Amino acid sequence: IALMLGPVYQRMGRLDDAEKLYLDAFHAQEKAKGANSPELSLYIKLLAGIYEAQGRRTEAQALNEHMRALFRDAFGAQRYAANRIRDRRLDVDRPVSQQFPLRADYAPTDLVRAAAYSIPLSKNADVEEMRIRLAAEADENPEEENLPARLAQLMSLCRGESGERISLRSGYRSFATQKDLYARNLDRGTVTPPGISEHQLGLAADIDVESRLMRHSDKTYQCFEENAFRFGFILSYPPGNDYLPGKDTYEPWHWRYVGIRTAQLYREVGPNNRPQEFLAALPCYEERARSSTAGEDVCLEEPKIVAAAAEAARSGKIVEHEAGASAHKLNNAPRGGQR
Ligand SMILES: [Zn+2]
């Protein structure tokens, strides 16, 4: 209930009520899971956001420090190596959005059938959408079964906690598939243009609860919000994002694999509900975590620079899907989960 009502209270300016909700949820989880459980980090993050909005800087900073200590204890001190100079275009943790589009010829080479990993499916196991990437890290064996194994674990955990029926509705979608969907659905405005969908990465998972898209009022959603980061997943289209065209782009069913270290870092020091900016400035946040810098988030300046550089690189050759993306502002019709 905290995750459902909290954001509503925040939008209404009822910060005291939101604070009370988050505090109650924090204490309930503390009692259930123990004071050092990383799952508490969700409520620490939410409370810090409230305190910042209220101008209670000292308290927000104290919570952020508490978060840092909790993560150091839980996950070790030397987690993040600087990778500022590497080309990250093919990485598991690259951003994708209107600001950071994928090329039409981007296609992952490590796709596997989700059915082979005991992941419950919403569709026929043989269709393209029921495939996902292995997603090995750069320093790992490329056969490492990171994403499928961890998605199966996360879904199993949350099925147990929620008692709800959970299944994978959509994983990989190629540029061609997305383009086709977009062409067929254009007038109804329910589909993301090709090139800006994380499904082209093969790293996104749309999750069904009881055979329809997950909602923020589902128990499964609370379980994902609390635990997904421990399995390498983040909510990559949060409330109020401008990553996709259209007005209502919040997608509580859409979970993006970024790897465990990156998902932990996002929870620990990332900006609230700005995952694509975080991914664009990832090396900056890695340094921030290692140097224990508190105070103003200087990393948030970097995505603008990265996006501008990418735009400049593309400007000589505007490809079809990019022109299409800017030309068609989608309306706010009911969505079919084809983002
Ligand atoms: Zn999706």
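Residues numbered from 1 in each chain as written. Predicted model: local features only at pLDDT ≥ 70, side-chain atom pairs only at ≥ 80, totals over all residues. Heavy atoms only, no water.

A. Fine view of the pairing of strand S3 (residues 166–170). For S3, the tally of buried residues reaches 4 of 5 residues, placing the bulk of the element in the interior. Across 4 bridges, the pairing between S3 and strand S4 (residues 204–209) is antiparallel. Among the inter-strand pairings, Ser167 is bridged to a residue of S4, identified as Asp208. (Buried < 20%, exposed > 50% of the residue type's maximum accessible area, 1.4 Å probe, protein only. Helix = DSSP H or I, 4+ residues; strand = E, 2+ residues; numbered from the N terminus. Pairing = 2+ DSSP bridges.)

B. Expanded view of the coordination of the zinc ion. In this structure, His199 (NE2), Asp206 (OD), Asp206 (OD) and His254 (ND1) serve as the protein donors to the zinc ion, at separations of 2.0 to 2.7 Å. Classification of the site at the zinc ion rests on its 4 donor atoms, whose angles at the metal span 53 to 152°, yielding the label irregular. If you list the donors of the zinc ion from N- to C-terminus, the spacing comes out as H-x6-D-x47-H. Here the residue Asp206 occupies a position in strand S4, and His254 occupies one in strand S7 (residues 254–257), the gap between them amounting to 48 residues. (Donors = N, O, S within 2.8 Å, 3.2 Å for Na, K, Ca; no water. Tetrahedral: all angles 85-135°; square planar, octahedral: opposite > 155°, others 65-115°.)

C. Up close: the pairing of S7. Neither face of S7 is exposed, since His254 and Arg256 on one face and Trp255 and Tyr257 on the opposite face are all buried. In this sheet, S7 lies alongside S4 in antiparallel orientation, the contact comprising 3 bridges. Note on S7: the bridge partner recorded for Ala204 is Arg256. Across 3 bridges, strand S6 (residues 233–235) lies against S7 in antiparallel orientation. Across the sheet, residue Phe233 finds its bridge partner in S7, namely Tyr257.

D. Layout of the state of the cysteines. Taken as a whole and assessed by the stated rule, the structure comprises 2 disulfides. Each disulfide pairs two cysteine sulfurs, and for Cys158 the partner residue is Cys223, the sulfurs being separated by 2.1 Å. Disulfide Cys158-Cys223: torsion about the S-S bond near -80°, hence left-handed. Taken together, the residues Cys158 in helix H5 (residues 146–162) and Cys223 in helix H7 (residues 219–227) connect sequence positions 65 residues apart. Taking the relative accessible area as the measure of exposure, Cys223 reaches 2% and is therefore buried. A sulfur-sulfur separation of 2.2 Å characterises the disulfide bridge that pairs Cys284 with Cys299. Residues Cys284 and Cys299 are joined by a disulfide whose S-S torsion is about -85°; by sign, that bridge is left-handed. Taken together, the residues Cys284 in helix H10 (residues 282–291) and Cys299 in the loop between H10 and helix H11 (302–314) connect sequence positions 15 residues apart. (Disulfide = S-S within 2.5 Å.)

E. Geometry of the packing of aromatic side chains. Counting across every chain of the model gives 6 aromatic pairs. Ring geometry for Tyr266 and Phe278: centres 5.0 Å apart, planes at 45°, overall tilted. With Tyr266 in helix H8 (residues 260–269) and Phe278 in helix H9 (residues 275–280), this residue pair connects regions lying 12 residues apart in the sequence. Taking the centre distance of 5.2 Å and the plane angle of 45° together, the rings of Phe278 and Tyr285 count as tilted. One exposure class covers both Phe278 and Tyr285, and it is buried. (Phe/Tyr/Trp six-rings, centres within 6.5 Å; stacked < 30°, edge-to-face > 60°.)

F. Looking closely at helix H4 (residues 57–75). In this model, H4 (19 residues) spans 26 Å end to end at C-alpha, consistent with the 27 Å of a helix rising 1.5 Å per residue. For H4, the full list of buried residues reads Ala60, Leu63, Met67, Arg68, Leu70 and Phe71. Angularly, the buried residues of H4 cover 165° about the axis, an arc narrow enough to put them on a single face. Exposed and facing more than 90 degrees away from the buried side of H4 are Thr58 and Asp73. Tucked into the core, H4 has its buried residues touching helix H3 (41–53), H8 and H10. (Expected span 1.5 Å × (residues − 1). Arc of directions from axis to C-beta. Contact = heavy atoms within 4.5 Å.)

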